[in-house]
Structure formats: C-alpha cells, structure tokens
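Here are the chains, one letter per residue:
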Amino acid sequence: MNNKVHGAGLGLRRDFLTSLEQQAPQQINFIELVPENWIGVGGHLGKKLRYFTERYPVVAHGLSLNIGGPAPLDEPFLQRIKQFLDTHQVLHYTDHLTYCADDGHLYDLMPIPFTEEAVHYVADRIRRTQDILERKIAMENASYYAAPGQEMTEIDFVNAVISEADCDFLIDINNIYVNSVNHNYDPEIFLKALPSERIVYAHIAGHYNEEDFIIDTHGKPVIDRVWELLDIAYQSFGVFPTLLERDFNIPPLDELLQEVDMIVDIQARYAETVKQVQHG
C-alpha cells in the first residue's frame, strides 16, 4: 500500500469548522478537502482553511476532473489544482472514476462505459493529469446506477484502468456495498479483487434506501454491513487509512466523531492482533 497518511480521517465541512477548531479531536489523524470548494477562497474562510492545513495532514478529493468525459482535459483547471496542492502541502489528490462534463458541467458523476476502449482512453487521461500535477493521483471506485455499453465487469474495468494508468487507488467501501445491491453481485468477492497494493486510503459513508434501490448520498450514518465490509477489507489487505464522509444532513461534530471512533476501534483491534502475532 502507498500510504502517506495514517489512522482515521474526517472530511472537512464548513458546518463544523468552529467546533473542530475548538475541540481539536485526538482521533482525527488527517482531513480531506474538496479543492473546488476552496480554491480562490480568501478572507475569514481562507484563514480558517490555512489554520487546518497547518495542523493536520491533508488529502484532497476532487469533483471536477472529468477523467472519463468526452471533452479535453481542462489543463488550466489542473494548473490551479496543482498550485492548491502545493500551497497546502496536500499528500494525496483523488477523484472519481466517472465523468461529469461535456460542453458544460453535468453536476453529477456519470458512469464510464465498461469497455476496453474506455480503459485506454481513461488511462491516457490519468497519465496526462499526473504529468501536469507532477504526482500520482488516486482514482475512486464510484457508485453508478446504469452501465451503458458494458463489455466487461466493473471489477475488471477498475483494475484495468488503475494498472494501465499506473495510478493509485482510493477504495470506497460504501460504494462497493451500494453497487453490489443495485447490480446484484457479492461485495466481498469484488472487494478482495481490488488492487490492495495501490490503496492510499479509504472512504466510508452512509446512503439512502429507496425500496430495493440504494442512492449514494453520504447523508446518513454508516450501516452495519458497510462496517463489516471495512472489517473484511482490513482482514484481507491489512489496515489502511480510512476517512468518514458526510456531505448532507450533517450532524454536530460530536455525533460524527462517534463514527470516527468506530474506525479507530476497528483499526486498533487489528493492530493488537498484529502485535500478538509478532510476540508469539
């Protein structure tokens, strides 16, 4: 695994900036920013951002890379991203294995067709992005609700892109569960086939159930089955850094920290197991 961060993390949201500054919770080892929400922000909020990036290891999770889109890569945008990453000493830059724009922004993360042609197209764009940013990036396995033009399985597509692009991987545990329900596959088999040696960190989050369909909202607490899949991932690959995402219906910080504590507890259990094995 390629880890520059460790332990448990939390996605930084403006809703709890003041609470986080006042409490400085010990269980948070790193924070994640959405760079599009912060590039060019100055004044009071800009100072707040600098306060946190000077005190925590930082990763950045983008929304606008549009790695699978038909439009050319937005290279001026990537130059702004590079400046942001350098300014705040961001340790990992990640985005979604999706597309989100053509002539204009679609304001959603759309599925890339699972085809061999798409593998080559996307891998080439990832390599170009890494050249511009002068660093490896990590792509995230995304939730999706349709698979147009599918010629290969999701797991084969993800693995082929990551390998050909020679990039890192952000494993989203909730997305594995969401897709396994919506597309009727075994989440444990999918998880264990992912490229563990390329994992930089993980996301874990909640979702919304619509009868027998699941919407990936990051707006509710993590369910037990997703915690179980995180546990299985640690069993399979060893402990990797894991970050709690919450984008909507954001509760008070103390409530979020209860879920961060769950990550810490699971990680600690495996650390203790390793220690016992090492000492016979």
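These figures come from a predicted structure and were not determined experimentally.

We now examine empty space enclosed by the protein. Tallying each qualifying case throughout the model produces one cavity of 30 Å³ or more. Around the largest cavity, the lining comprises 14 residues; the ones closest to its centre are L97, T98, F114, A142 and Y144. Put simply, the parts of the chain that give the lining of the largest cavity at least two residues each are β6 (105-110) and α5 (154-165). It is α5 that contributes the most residues to the lining of the largest cavity, three residues altogether. Split into classes, the residues belonging to the lining of the largest cavity amount to 10 nonpolar, three polar and one charged.

With that settled, the discussion passes to the pattern of salt bridges. Evaluated as defined, the whole model comprises 15 salt bridges. As a salt-bridge pair, R13 and D247 come within 2.5 Å of each other at their nearest N and O atoms. Of this pair, R13 sits in the loop between β1 (8-11) and α1 (17-23) while D247 is found in the loop between β12 (242-244) and α9 (253-278), placing the two residues 234 residues apart along the sequence. Classification of R13 as buried rests on a relative accessible area of 11%.

Within the secondary structure, A118 is located in helix α4 (residues 116-133). Those residues in contact with A118, other than ones at most four positions away along the chain, are I112, P113 and F157.

This brings us to the sheet that holds β12. Spatial ordering of the closed barrel is given by β1-β2-β3-β4-β7-β8-β9-β12, a layout of eight strands whose pairing is parallel. Adjacent strand axes in the sheet meet at a mean angle of 30 degrees, parallel and antiparallel pairs treated alike. Pairing geometry for strand β9 (residues 199-204) and β12, over three bridges, is parallel. Each bridged residue has a counterpart across the sheet, and for H203 the counterpart in β12 is L243.

Cut-offs used in this document
- Residues numbered from 1 in each chain as written.
- Predicted model: local features only at pLDDT ≥ 70, side-chain atom pairs only at ≥ 80, totals over all residues.
- Heavy atoms only, no water.
- 1 Å grid on protein atoms, 1.4 Å probe; cavity = no way out; pocket = protein on both sides within 12 Å on 5 of 7 lines; lining within 4 Å.
- Points joined across faces, edges and corners; volume = space filled by probe spheres on them.
- Helix = DSSP H or I, 4+ residues; strand = E, 2+ residues; numbered from the N terminus.
- Nonpolar A, V, L, I, M, F, W, Y, C, P; charged D, E, K, R; others polar.
- Salt bridge = Lys/Arg side-chain N within 4 Å of Asp/Glu carboxyl O.
- Buried < 20%, exposed > 50% of the residue type's maximum accessible area, 1.4 Å probe, protein only.
- Contact = heavy atoms within 4.5 Å.
- Pairing = 2+ DSSP bridges.
- Axes fitted to C-alpha atoms, helices over the stretch in contact; angles between N-to-C directions.

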